[in-house]
Amino acid sequence: MISALLLYLLAAGFIAVLAYCLYVLHVHQKYDHIPGPPRDNFLLGHLPTLMRETQSEKLVHELLLQWGGTYGPVFRLNFFHYVKLMIHCPEATKVKVSSEQCSPSGAAASDECLKFQKILMSPKYLKDPFLYKRIFSMFGKRFLGNGLLTATDHDVWYRQRRIMDPAFSSSYLRGLMSTFNEASERLMDHLDETAALNTPVVMHDLVNRVTLDIICKVAFGVDLNLMKQIHNPFQRAVELCLQGAVLDVRDPFCRLFPKNWKIIEEIKEATELLRRTGEEWIENRKRAAENGEDVPQDILTQILKSAEEEKANGTDDHELMLDNFVTFFIAGQETTANQLSFAIMELGRNPEIYKR
């Protein structure tokens, strides 16, 4: 009886594996007309190569750029039964594009790129739930949730984006120039002090403080003045959350290894810190508005308006407000800091442009 059961289980397992392999074969046949590098093997696809690049000190993006130069502006990557299309043609994000604009490397690549025009402009191309659900929560702690960045339902995203629009109007942004200038002056004062002492500085660290100062002031009405703080919990929390997002997305099994447990606990604490801070700042703004105080029409006010328009009164709605707080706290700072850091680095590499 037991042997018959074991035989049945083995047969069922074999059939399941065979069916899955046939499905993977079907996926390959369906998408292999799109150019791409050779797969490492049938099931894992390109995963072994990408894992080797990730685990080394190389940048995986360098490999992706190399593949883009070889296989064109749209190329295919395989992982088990998943297919990812890597698109590095800037014109593919536009509404209208000619084949000459899209690719100088050949008609076939141009035609492929044309098929993928309007990728960032059209609701037809939805966010990939496989990726965005990975940053809904992080190691069991809610992270970006269903905020503006991670909402995969286009209607939900559109309602949030429309409510946020006033905080991004050109007239409102022009009124923030004094805050931008004040934060820049704080940076210059700090650099003057360190230069007088011949003390080296990490520019990316300083630029991160500047952008975090600015986003907290213009988006949430809070002046942190991080340039005066050697160690601050918010900057470290942002760094840990970004590190955790990359770790969790690239290696879903990382939590199984004891060597990662310490950093995972730090990442979870960082996530909790940002959400606790959001809760505190949101409650302060709510009280100010209820008391008739003059509150700025900033992102925090728009987050509250979004909740009000959605008739938010439950736990899920409260969590959505925190989702958007964390989204803007991180995304509103980190992207700008990276761009400024690269600009400063390139000015250092090009002294003739720096002099101009």
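Everything below is about the structure printed above this text.
To keep things clear, this report deals only with the structure shown in the data block. A quick note: this is a predicted structure, and the numbers were derived from the prediction, not measured.

1. Let's talk about the packing of aromatic side chains
In total, this model carries 11 aromatic pairs according to the counting rule given. With a centroid separation of 5.9 Å and an interplanar angle of 55°, the aromatic rings of Phe234 and Phe329 are classed as tilted. Taken as a pair, Phe234 in helix α11 (residues 233–250) and Phe329 in helix α14 (residues 315–349) lie far apart in primary sequence, 95 residues in all. Stacked on the ring of Tyr132, the Lys or Arg Lys127 has its end atom at 5.4 Å from the ring centre. The positively charged end of Arg161 is found above the aromatic ring belonging to Phe168, 5.3 Å away from the centroid.

2. Considerations on unusual backbone geometry
Positive phi, normally seen in glycine, also occurs at Phe80, with a value near 55°. By the secondary structure assignment, Phe80 is in the loop between β1 (74–79) and β2 (82–87). At Phe139, a position not held by glycine, the phi torsion is positive, near 55°. Tracing the backbone through its elements, the reader meets Phe139 in the loop between β3 (137–138) and β4 (141–142).

3. A few points about the packing of α11 against helix α12 (residues 261–290)
Where α11 contacts α12, the axes come no closer than 8 Å and their chain directions differ by 125°. Relative to α12, the element α11 lies oblique. The two elements α11 and α12 cross, and the hand of that crossing is left-handed. Residues Pro233, Phe234, Arg236, Ala237, Leu240, Cys241, Gln243 and Gly244 of α11 touch α12, and the partners they reach there are Ile263, Glu266, Ile267, Ala270, Thr271, Leu273, Leu274 and Thr277. The residue inventory of the contact of α11 with α12, partitioned by class, reads 10 nonpolar, four polar and two charged.

Thresholds applied
- As a convention, each chain's residues are numbered from 1 in the sequence order in which they are written.
- In keeping with the predicted nature of the model, local features appear solely for residues at pLDDT of at least 70, side-chain atom pairs appear and are counted solely at 80 or more, and the whole-chain, interface and lining totals rest on all residues.
- Excluded from the side-chain calculations are hydrogens and water; all other atoms, namely the structure's heavy atoms, are used.
- Two rings from Phe, Tyr or Trp (for Trp, the six-membered ring) form a pair when their centres are within 6.5 Å of each other. A pair whose planes differ by under 30 degrees is stacked, one over 60 is edge-to-face, and the rest are tilted.
- Secondary structure counts use DSSP, requiring at least four H or I residues in a row for a helix and at least two E residues in a row for a strand, with both numbered from the N terminus.
- Consider the ring centre and the ring normal. A charge sits over the ring if Lys NZ or Arg CZ is within 6 Å of that centre and within 35 degrees of that normal.
- Axis lines are fitted through C-alpha atoms, for helices just across the contact stretch, and the angle between N-to-C directions can take any value from 0 to 180 degrees.
- Should an angle fall under 35 degrees it is called roughly parallel, over 145 degrees roughly antiparallel, and 65 to 115 degrees roughly perpendicular, with every other angle called oblique.
- By convention the crossing between two helices is left-handed if the near helix lies anticlockwise of the far one by an angle smaller than a right angle, and right-handed if it lies clockwise.
- In what follows, a contact means two residues having at least one pair of non-hydrogen atoms within 4.5 Å.
- The nonpolar class holds Ala, Val, Leu, Ile, Met, Phe, Trp, Tyr, Cys and Pro. Asp, Glu, Lys and Arg form the charged class, and all remaining residues, Gly among them, are polar.

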